[in-house]
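What the coordinates show
Chain by chain, the residues:
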Amino acid sequence: VPASGAVGAAANSVFDEADNLEIDGEFAVDLDLGVIARVGGLRIGGSLRHLREPTFGEGATALLLERQARLGAAWMGGQHGVVSGWTVAFDADVTETLTVLGPARHMAGGGELWLWNRRIGVRGGYSANTVGTEATATSIGLSLAPKAKVYIDGALTRGEDDTLEGWAAALRLTF
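Let me sum up the structure you'll find in this document. Since the structure is predicted, the reported quantities are computational estimates derived from the model, not experimental observations. (Residues numbered from 1 in each chain as written. Predicted model: local features only at pLDDT ≥ 70, side-chain atom pairs only at ≥ 80, totals over all residues. Heavy atoms only, no water.)

Concerning the overall build of the protein
Summing up its helical and strand segments, the protein has 1 helix and 13 strands in all. Each helix (α) and strand (β) of the protein, taken in turn from the N terminus, gives the series α-β-β-β-β-β-β-β-β-β-β-β-β-β. Seen through its C-alpha atoms, the protein measures out along the principal axes to roughly 60 × 35 × 30 Å. Taking all 175 residues of the protein together, the buried fraction comes to 22%. Once local pairs closer than 6 in sequence are excluded, the contacts in the protein between residues at least 24 apart make up 33%. When the accessible surface of the protein is totalled, it reaches about 11,900 Å², and 62% of it is carbon and sulfur. With 14 positive and 21 negative side-chain charges, the protein shows a separation of 19 Å between the mean positions of the two kinds. (Helix = DSSP H or I, 4+ residues; strand = E, 2+ residues; numbered from the N terminus. Buried < 20%, exposed > 50% of the residue type's maximum accessible area, 1.4 Å probe, protein only. Contact = heavy atoms within 4.5 Å. Areas by Shrake-Rupley, 256 points an atom, 1.4 Å probe, with all protein chains shown as cover. Lys, Arg positive; Asp, Glu negative; His and termini not counted. Charge placed at Lys NZ, Arg CZ, Asp CG, Glu CD.)

Here we look at a nonpolar patch on the surface
Judged by side-chain polarity, Trp-75, Trp-86, Val-88, Leu-113, Val-122, Leu-142, Leu-144, Ile-152, Leu-171 and Leu-173 come together as a nonpolar surface patch covering roughly 920 Å² of accessible area. For the nonpolar patch, the secondary structure elements donating two or more residues are β6 (83-93), β11 (136-147) and β13 (166-173). On the secondary structure map, Leu-142 appears in strand β11. A relative accessible area of 39% means that Leu-142 is categorised as partly exposed. (Patch = residues over 30% accessible without salt bridge, like charges linked within 9 Å, V, L, I, M, F, W, Y side chains within 5 Å. Salt bridge = Lys/Arg side-chain N within 4 Å of Asp/Glu carboxyl O.)

Remarks on the pattern of salt bridges
What the rule picks out here adds up to 6 salt bridges. In this structure, the salt-bridge partner of Asp-91 is Arg-70, at a minimum N-O distance of 2.6 Å. Of this pair, Asp-91 sits in strand β6 while Arg-70 sits in strand β5 (residues 68-77), and the two are 21 residues apart along the sequence. Taking the relative accessible area as the measure of exposure, Arg-70 reaches 23% and is therefore partly exposed. Within this structure, Arg-70, Asp-91 and Asp-93 form a network of salt bridges that share partners.

Quick look at the pairing of strand β12 (residues 150-159)
Direction of pairing for β11 relative to β12: antiparallel, over a ladder of 9 bridges. Within the sheet, the bridge partner assigned to Ile-140 lies in β12 and is Leu-156. In this structure, the hairpin formed by β11 and β12 is closed by a connection of 2 residues, where Lys-149 is found at a positive phi of approximately 70°. In this structure, β12 lies alongside β13, joined through 8 bridges in antiparallel fashion. In the strand pairing of β13, Gly-154 is matched with Ala-169. In sequence, β12 turns back onto β13 through a hairpin of 6 residues. (Pairing = 2+ DSSP bridges.)

As for the environment of Gly-111
Looking at where Gly-111 falls in the secondary structure, it is placed in strand β9 (residues 106-115). The spacing of Gly-111 and Trp-86 is 25 residues in sequence and 7.4 Å in space, taken between C-alpha atoms. In contact with Gly-111, other than residues within four places in its own chain, are Thr-87, Val-88, Val-122, Arg-123 and Gly-124.

The values reported here are purely geometric and, on their own, carry no functional implication.
So, in structure tokens, the structure goes:
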């Protein structure tokens, strides 16, 4: 099994080669479904993606977006002192997904804590790919609210699992 950096370099090479391909664009209609149930502080949910399983291209180079299923649960708590709210969650893929880096089926757990009237949010999590390389990743995130309902978000994921590694930044407005 190659080291994480070697897998990342191989993936970058594949993506660089893909940039140079001349292909015709295609369009397909798909459908995703999600459901959530709430009982007190408990939330239980599930999602189904690519219900129509669209295919792009033909023959040996065709790309099929296979149906994906995921289940999860979260326990949410309320305000206490400087703590505005907290969440502990767990979710897992029910189906295996084929990626350019190999098969993936993830399970993850984590938590989130909001402080000072939801002005600062911190979160962290741990995930594992349970097939293929069976690699893990750790994530951290921070949200700052300079004004009510305006959030600046950042997140970082690192670890052995190159299918998840990356970072994100966002400006989010809520209502």
